[in-house]
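Observations on chain architecture
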Amino acid sequence: MAEAVSKKGKLIVISGPSGVGKGTICAEVCRRLPSVYINVSATTRPKAASEVNGREYWFVSAAEFEGLKKDGKLLEYAEVFGNMYGTPREGVDRALSEGKTVILEIDVQGGRSVKSVYPEAVSIFILPPDTKELERRLEGRGRETIEAAQRRLQKAGKEMGEAEKFYDYKVVNDNLEKAIQRVIGIISNIDGEKR
Ligand code: 5GP
């Protein structure tokens, strides 16, 4: 579900399977393009030891998440792997009204919601070179159990099928630097020819 947002800057949706490296790509794009703002989502998922509240996510309770929803503070939200994830709208509105480029790193359900209320949003799907590589990266991350990694792989397969249909751009992360350059190229050329 998503609600309309005031806009002046560009809104970019970046999605891709867990383990594909989209977090690294987004962080690097943000570092290299000063006008880019990466929005921090809220989630009810437990915080991993390596994560910091307010950096990767705002880690909130289920009741707090419900409150954000009820008060209309979320631009979109979705349930992913049994936890809620949502985009707080305040920072997005502010950055867009300042003419910044806002990146939302969200899943395909969220991407669809954002597109429905903001068709000008540009969507980029990050793909792994192949599924074997994705399996290797997910296992190497060691952040979750084998079962959880399997669930993420299943979702990856489904999302990749859906992304084919409605994402504007697909970027294969077979080489990190090339993938970063490709995303920067897309963002920089949005005012020109799209697709
Ligand atoms: P993770 O728990 O691995 O960080 O994220 C799981 C999934 O949730 C990823 O596909 C990520 O893109 C997605 N996600 C993160 N934040 C949001 C959000 O605010 N909204 C939606 N719809 N998905 C999100």
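Placed above this text is the structure.
Residues numbered from 1 in each chain as written. Predicted model: local features only at pLDDT ≥ 70, side-chain atom pairs only at ≥ 80, totals over all residues. Heavy atoms only, no water.

In the vicinity of the ligand lie 16 residues, with Ser41, Arg45, Tyr57, Glu76 and Tyr85 positioned nearest. Arg152 is positioned with one of its side-chain polar atoms (N or O) 2.8 Å from an oxygen atom of the ligand. With the chains in place, 95% of the 510 Å² that the ligand exposes on its own is no longer accessible. Among the elements of the structure, β5 (74-80) and β6 (83-88) are those that each provide at least two residues to the shell around the ligand. (Near = heavy atom within 4 Å. Polar contact = N/O pair within 3.5 Å; in protein donor to acceptor, adjacent residues only side chain to side chain. Areas by Shrake-Rupley, 256 points an atom, 1.4 Å probe, with all protein chains shown as cover. Helix = DSSP H or I, 4+ residues; strand = E, 2+ residues; numbered from the N terminus.)

With that out of the way, let us pick up the sheet that holds strand β7 (residues 101-105). Strand order in the open sheet made by the 5 strands is β2-β7-β1-β8-β9, with parallel pairing throughout. The open sheet has two free edges, formed respectively by β2 (36-38) and β9 (169-172), since each of these has just one partner strand. Direction aside, the axes of adjacent strands within the sheet are offset by 25 degrees on average. Note: strand β8 (residues 122-127) against β9, 4 bridges, orientation parallel. Looking at β9, one finds that Ile126 is bridged to Val171. Contacting β1 (10-15), β2 and β7, helix α3 (residues 89-97) crosses the sheet at an angle of about 150 degrees to β7. Against the sheet, helix α7 (residues 176-188) engages β1, β7, β8 and β9, with an angle of about 160 degrees to β9. (Pairing = 2+ DSSP bridges. Axes fitted to C-alpha atoms, helices over the stretch in contact; angles between N-to-C directions. Contact = heavy atoms within 4.5 Å.)

Here the focus is unusual backbone geometry. Residues other than glycine seldom take positive phi values, yet Phe81 does so here, at roughly 50 degrees. The class for Phe81 is partly exposed, based on a relative accessible area of 25%. (Buried < 20%, exposed > 50% of the residue type's maximum accessible area, 1.4 Å probe, protein only.)

It is worth spelling out the pairing of β1 at this point. The buried count for β1 comes to 5 of 6 residues, which makes it a mostly enclosed element. The pairing of β1 with β7 spans 5 bridges and is parallel. Note on β7: the bridge partner recorded for Val13 is Leu104. Pairing of β1 with β8, which is carried by 4 bridges, proceeds in the parallel orientation. Bridge pairing links Ser15 to Phe125 in β8.

What follows is about the pattern of salt bridges. If charged atoms from side chains of opposite charge come close, those side chains can pair. Going through the model one piece at a time under the given rule, you end up with 16 salt bridges. As a salt-bridge pair, Glu56 and Arg55 come within 3.0 Å of each other at their nearest N and O atoms. For Glu56, a relative accessible area of 29% puts it in the partly exposed group. Its salt-bridge partner being Asp93, residue Arg89 comes within 3.8 Å of it at the nearest N-O pair. A residue pair is termed a helical-turn pair when its members lie 3 or 4 positions apart in one helix, as Arg89 and Asp93 do in helix α3 at 4 residues. Of the two residues, Arg89 and Asp93, neither departs from the other in class, the shared state being buried. By sharing partners, the salt bridges in this structure join Glu28, Arg31, Arg32 and Glu177 into a single network. (Salt bridge = Lys/Arg side-chain N within 4 Å of Asp/Glu carboxyl O.)

That is the geometry; function is a separate question.
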